[in-house]
Amino acid sequence: MKKIFLSAVIAMALCSYGYAQDEEEYEEEEAPAQVTKAPAYEEEEEEEEEAPVAKKEKKKAKKSSGSHGFFGISVGIDQNPFADVEGGNIPRVGDFSHLDLKLRVSDDIMLGILIGLAHSGATTTTVDGTDLPDADDAYTPILIGAQFDYFLPTPLLPTSIGADIIYASLGEVQKVSASALMIDILYSAHAELVKNLILTGKVGIGIEYLMTEDNSGEQKSETSRLDFGVKAGIALSWFII
């Protein structure tokens, strides 16, 4: 009986010792899992908190990039090198003033619509200090065209490379009617005098294709010519919106 009782006590002691070891191993395995989960949860919370801040910063950046005006009105004067080209009584487009409607569609691109007039008075002769008209050759060409400007990443003044396509109807002078198609490639510099008020100077190459119809003789005759020259101009733009 003593042997049986002693063996039972030893067996119970071994069982309790084994059970205690199992509990310690279970706690050791469980503790790291809790430690690793906590940082992951905190990192997710930090990412969620940083996400709205990043979105706000992106929105602010978008707003600041659109600080320029969108719609503007411009008035300007363009010098035309072909006004004094020899051509007899053929009317030519002289220096002309114009009104433009501007659209700044992006930071890099601006579009425009041009409407212009170029008045040429009658030929006169001065006699005793008085100008007397020699002929009824006054005319006023009407111009309409489209403009395109691409802004360059320059460090000082904003600059752009652009093109104008303009059609001019010169009417009829001494039974000679004429029209012209002008294409200009221009380099422009823009200076903002005050907010949304911009002064622009431009210079470049001008191409003019002149088409005429002479009805002064018994038979009608049609002619055309192509001229190249240096063009320049100045404009003042006010962006309303």
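Above this text you will find the structure in question.
Residues numbered from 1 in each chain as written. Predicted model: local features only at pLDDT ≥ 70, side-chain atom pairs only at ≥ 80, totals over all residues. Heavy atoms only, no water.

## With respect to the overall build of the protein chain
Part 1 of the argument: For the protein chain, the helix and strand inventory stands at one helix and 10 strands.
Part 2 of the argument: Relative to its full complement of 241 residues, the protein chain shows a buried share of 25%.
Part 3 of the argument: Sequence separation of at least 24 residues holds for 57% of the intrachain contacts in the protein chain that already meet a minimum separation of 6.
Part 4 of the argument: Summed over all atoms, the accessible surface of the protein chain reaches about 16400 Å², with 62% contributed by carbon and sulfur. (Helix = DSSP H or I, 4+ residues; strand = E, 2+ residues; numbered from the N terminus. Buried < 20%, exposed > 50% of the residue type's maximum accessible area, 1.4 Å probe, protein only. Contact = heavy atoms within 4.5 Å. Areas by Shrake-Rupley, 256 points an atom, 1.4 Å probe, with all protein chains shown as cover.)

## Some thoughts on the side chain of glutamate 208
Part 1 of the argument: Its location among the elements puts glutamate 208 in strand E9 (residues 197-214).
Part 2 of the argument: Overall, the relative accessible area of 1% leaves glutamate 208 in the buried class.
Part 3 of the argument: Of the polar contacts made by the side chain of glutamate 208, one reaches the side chain of asparagine 80; its length is 3.4 Å. (Polar contact = N/O pair within 3.5 Å; in protein donor to acceptor, adjacent residues only side chain to side chain.)

## Concerning the nonpolar core
Part 1 of the argument: Val93, Phe96, Leu143, Ala168, Leu170 and Met182 are the most contacted members of the largest nonpolar core, which totals 14 residues.
Part 2 of the argument: At the level of elements, strand E7 (159-173) and strand E8 (176-194) are the ones that each hand at least two residues to this core.
Part 3 of the argument: The contact partners of leucine 143, leaving out residues within four places of it in the chain, are Val93, Phe96, Leu114, Ile115, Gly116, Leu117, Ala118, Ile166, Tyr167, Ala168 and Met182. (Core = buried A, V, L, I, M, F, W, Y, C linked by side-chain atoms within 4.5 Å.)

## Overview of the pairing of strand E10 (residues 221-239)
Across a regular strand the side chains alternate sides, sitting on one face of the sheet and then on the other.
Part 1 of the argument: Sheet topology note: the strand E1 (residues 71-79)/E10 ladder contains eight bridges and is antiparallel. Its bridge partner being in E10, glycine 72 is matched across the sheet by phenylalanine 239.
Part 2 of the argument: Sheet topology places E9 next to E10; 18 bridges connect them, and they run antiparallel. Of the residues in E10, the one forming a bridge with valine 203 is alanine 232.
Part 3 of the argument: Once E9 ends, the chain turns through six residues before running back antiparallel as E10. (Pairing = 2+ DSSP bridges.)

## Points about the pattern of salt bridges
Pairs can form between side chains of opposite charge whenever their charged atoms are close.
Part 1 of the argument: Under the counting rule described, the total for this entry stands at three salt bridges.
Part 2 of the argument: With a closest N to O distance of 3.7 Å, lysine 202 and aspartate 78 form a salt bridge. Of the two residues, lysine 202 is situated in strand E9 and aspartate 78 in strand E1; the sequence distance between them amounts to 124 residues. Each member of the pair, lysine 202 together with aspartate 78, is buried.
Part 3 of the argument: Between aspartate 184 and lysine 231 there is a salt bridge, with the nearest N and O atoms lying 3.0 Å from each other. Here aspartate 184, found in strand E8, pairs with lysine 231, found in strand E10; they are 47 residues apart in sequence, far enough to count as distant.
Part 4 of the argument: Residue class for aspartate 184 comes out buried when judged on its relative accessible area of 1%. (Salt bridge = Lys/Arg side-chain N within 4 Å of Asp/Glu carboxyl O.)

## Comments concerning the packing of aromatic side chains
Part 1 of the argument: Using the criterion set out here, one finds zero aromatic pairs in the structure.
Part 2 of the argument: The cationic tip of arginine 104 hangs over the ring face of phenylalanine 151; the distance from NZ or CZ to the ring centre is 4.0 Å. (Phe/Tyr/Trp six-rings, centres within 6.5 Å; stacked < 30°, edge-to-face > 60°. Lys NZ or Arg CZ within 6 Å of the ring centre and 35° of its normal.)

## Focus on the environment of isoleucine 144
Part 1 of the argument: Note on placement: isoleucine 144 falls in strand E6 (residues 142-152).
Part 2 of the argument: Those residues within four positions of isoleucine 144 in sequence are excluded, and the remaining contacts are Leu114, Ile165, Ile166 and Tyr167.

## A short note on the sheet that holds E10
Part 1 of the argument: One closed barrel accounts for eight strands, arranged E1-E2-E3-E6-E7-E8-E9-E10; its pairing is antiparallel. The average undirected angle you get between the axes of adjacent strands in this sheet is 25°. (Axes fitted to C-alpha atoms, helices over the stretch in contact; angles between N-to-C directions.)

## A short note on unusual backbone geometry
Part 1 of the argument: Notably, asparagine 196 is not glycine yet its phi reads approximately 70°, a positive angle.
Part 2 of the argument: Tracing the backbone through its elements, the reader meets asparagine 196 in the loop between E8 and E9.

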